Each structure stands twice: as structure tokens, then as C-alpha cells.
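Chain and residue survey
Here's the letter readout for the chains.
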Amino acid sequence: LWALSLGSTMEEAGHFSNITNTQDFWNFAMALMNRSGILKLQPWIARDIENHIKTFRLPFNYDQTDSDFDAIHIRRGDKLLYESKKEVKKYWKSRGHNHPPVNYIPFEHYLRYYVKDDCVSRGVKTINRDVYLATDDPIIVKEEIATLIKVNGTRDGT
């Protein structure tokens, strides 16, 4: 329950309660504490990070509260060999595959949070957001995004 008091969602708290690996437990706990603001960087480190981020000239101003953006980190590579193998099998089994057609969870799965109430297009309010994507598998993720655009159209539904 303390994960919820740190601002986790119910889904995150459920995932957290099932972690058995000690390193994963502490990584998750530290991420929650960091996101909740319990942990803070030393001022000089925060300043250096801010200056470094500014060199990328990203199209958002993180000091403004009305600047909506999301970040998605898709780990495949080494994570698939051990830590995520069980989750990949579980994902594909839930979709009727006893043997996964690929050894990773498709990018489309990560987007399931964006096709709910406030993001549905064609007559319902759509929120435009900048999404920053980090991955160790850029070629496959780019191919998946191109396929999604081909199947679903562009952002404005055309």
C-alpha cells in the first residue's frame, strides 16, 4: 500500500507487489521515490543536467505546467534475455499465442494508455502531446510506428 502513497497507479502497485528480484524491487522503489519528489538532486547536479538538456533544443519547456509531454522507454535487448522473458510470454499467451511470434512486446501495446477517453479521435476531444521515445531497438520501433501510421492514419485521423 505504501507504493500508492508515493503516487503509483493501481497497476504499478500491483506490478510492484509481484516483484521477486531484489534489484528490480529497489529500482522500482527508487523510481517511485524520485517521481514523488522525496529524492532530490544536489543543486549543482540539477543545474548541470538542466544545462545539458537545453543543448538538445527539445520542443518543450519543462518549467511550464501547461506543457504536456510523455516519455516512453522501450527496453528490449538484454532485458528480453532474463528479466522480461516471462512478461513477454504472458503478453502473447493473453493474445492466444502459445509460442510468441516475436520475442518482445509490440510498441502498439505501450500505446494502450493513449487510446482511452480523452485521446480518442473522430468526434471526441483529442489531446496533442509530444512523446519522447527512448529505446535500444530503434530500427524495429521505427518500423512498428510506420505500420501504425499506415494502418491507423496520421495523428489527425486522415
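Structure report, in brief. (Residues numbered from 1 in each chain as written. Predicted model: local features only at pLDDT ≥ 70, side-chain atom pairs only at ≥ 80, totals over all residues. Heavy atoms only, no water.)

**Structural notes on the overall build of the chain**
Secondary structure summary: the chain contains seven helices and two strands in total. Listed N to C, the secondary structure of the chain is α-α-α-α-β-α-α-β-α in terms of helices and strands. Across the 158 residues that make up the chain, the buried fraction comes to 20%. By sequence separation, contacts in the chain at least 24 residues apart represent 57% of the contacts at least 6 residues apart. On the chain, roughly 12400 Å² of surface is accessible, and the fraction owed to carbon and sulfur atoms is 57%. (Helix = DSSP H or I, 4+ residues; strand = E, 2+ residues; numbered from the N terminus. Buried < 20%, exposed > 50% of the residue type's maximum accessible area, 1.4 Å probe, protein only. Contact = heavy atoms within 4.5 Å. Areas by Shrake-Rupley, 256 points an atom, 1.4 Å probe, with all protein chains shown as cover.)

**Quick notes on the packing of aromatic side chains**
If you walk through the whole model with that rule in mind, you get four aromatic pairs. Centroid distance Phe-25 to Trp-26: 5.0 Å. Interplanar angle 85 degrees. Geometry classified as edge-to-face. (Phe/Tyr/Trp six-rings, centres within 6.5 Å; stacked < 30°, edge-to-face > 60°.)

**Side note on a nonpolar patch on the surface**
A cluster of nonpolar side chains, namely Leu-41, Ile-49, Ile-53 and Phe-56, defines an oily patch on the protein surface of about 370 Å² accessible area. You can see Phe-56 is positioned in the loop between helix 4 (43-54) and strand 1 (69-74). Looking at Phe-56, the relative accessible area reads 52%, which means it is exposed. (Patch = residues over 30% accessible without salt bridge, like charges linked within 9 Å, V, L, I, M, F, W, Y side chains within 5 Å. Salt bridge = Lys/Arg side-chain N within 4 Å of Asp/Glu carboxyl O.)

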